[in-house]
Amino acid sequence: EAMAVPDIAMLSLGIEARAGTVSEAQAQASESMDKVMEALKDNRIAEKDIQTQRFSIYPITKWDRDEDEEEIVGYRVTNMVLAKIREVDKAGAIIDAVAKAGGDYTRIRDISFTIDDPTSYYEEARAKAMEDAKNKAEQLADLAGVKLGKPSYISEGAIYRPPINRGYEEAGGPVPAPETPISPGELKITLNVQVAYAIV
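Every value quoted in this text rests on a predicted model; they were computed, and no experiment measured them.

Draft legend 1. The arrangement of the overall build of the chain in detail. In terms of regular secondary structure, the chain is built from three helices and eight strands. For 200 residues, the compact-globule estimate of 2.2 N^0.38 gives 16 Å, and the chain exceeds it by more than 25% at 26 Å. Across its three principal axes, the chain shows a C-alpha extent of roughly 85 × 45 × 30 Å. Considering only residue pairs separated by 6 or more positions, the chain has 83% of its internal contacts joining residues 24 or more positions apart. When the accessible surface of the chain is split by element, carbon and sulfur atoms take 48% of a total near 11,900 Å². Taken together, the 24 basic and 35 acidic charged side chains of the chain have centroids lying 6 Å from each other.

As structure tokens, this is what we get:
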């Protein structure tokens, strides 16, 4: 295993607007989303690091008992994006900025953490795994009264622990003070090796 401090925060956020007509809901969502996008760019989130996850328009219905059927009473427009935050320590401030920009239309689905380049952590785990395999093989050889030769077979399997999800829903309102606390913690990267040694 190798423990890694995340250097990337993935923030799922967006806008949800409701109105009596599709055009009204779209207009509200578009105006609020423009403000949210501006807030992200003001916090140095590059355009390449913002990806649309979901855009939907759904009717809002209620049951009409008199007519014994569903009645459309409005429409809901949802626009969600995934923002890659490369300055993890700014995640709380960015959440606050987005909530302020989007107001009551703001929706923040979850935040997760990952490693931009986990190569060095896999190398660390691989070295530990091979050392562990050799130590165990040498002990078994000593117990069996035989001499250990060179490895004749090596197989590797990496296990990437999924990013930590901290899901919550925020619907605008006053911006918290001080900034929203966000803790990235650590990620565990695990790598398994199977090694067969010759007996000489």
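Now that the structure has been shown, we can carry on.
Draft legend 2. Highlighting helix α2 (residues 91-102). Helix length check: α2 (twelve residues) gives 16 Å between terminal C-alpha atoms against 16 Å at 1.5 Å per residue, within 8%. Every buried residue belonging to α2 is among Ala91, Gly92, Ile94, Ile95, Asp96, Val98, Ala99 and Gly102, and all of these are buried. Phi turns positive, to about 60°, at Gly103, one or two residues after α2.

Draft legend 3. Spatial organisation of the pattern of salt bridges. Scanning all chains against the criterion turns up eleven salt bridges. Residues Arg107 and Glu16 are paired through a salt bridge, measuring 3.5 Å at the closest nitrogen-oxygen approach. Highlighted residues: Arg107 in strand β5 (residues 106-114) and Glu16 in strand β2 (residues 8-19), separated in sequence by 91 residues. Pair check on accessibility: Arg107 and Glu16 agree, each one buried. Ionic pairing is found between Asp49 and Arg86, a salt bridge with its closest N-O pair at 2.8 Å. Taken together, the positions of Asp49 in the loop between α1 (22-42) and β3 (50-64) and Arg86 in the loop between β4 (69-85) and α2 put the pair 37 residues apart, joining distant regions of the chain. Judged by its relative accessible area of 9%, Asp49 falls in the buried class. When salt bridges that share partners are traced, they join Glu16, Arg18, Arg76 and Arg107 into one network.

What counts and how
Residues numbered from 1 in each chain as written. Predicted model: local features only at pLDDT ≥ 70, side-chain atom pairs only at ≥ 80, totals over all residues. Heavy atoms only, no water. Helix = DSSP H or I, 4+ residues; strand = E, 2+ residues; numbered from the N terminus. Rg over C-alpha atoms; globule rule 2.2 N^0.38 Å. Contact = heavy atoms within 4.5 Å. Areas by Shrake-Rupley, 256 points an atom, 1.4 Å probe, with all protein chains shown as cover. Lys, Arg positive; Asp, Glu negative; His and termini not counted. Charge placed at Lys NZ, Arg CZ, Asp CG, Glu CD. Expected span 1.5 Å × (residues − 1). Buried < 20%, exposed > 50% of the residue type's maximum accessible area, 1.4 Å probe, protein only. Salt bridge = Lys/Arg side-chain N within 4 Å of Asp/Glu carboxyl O.

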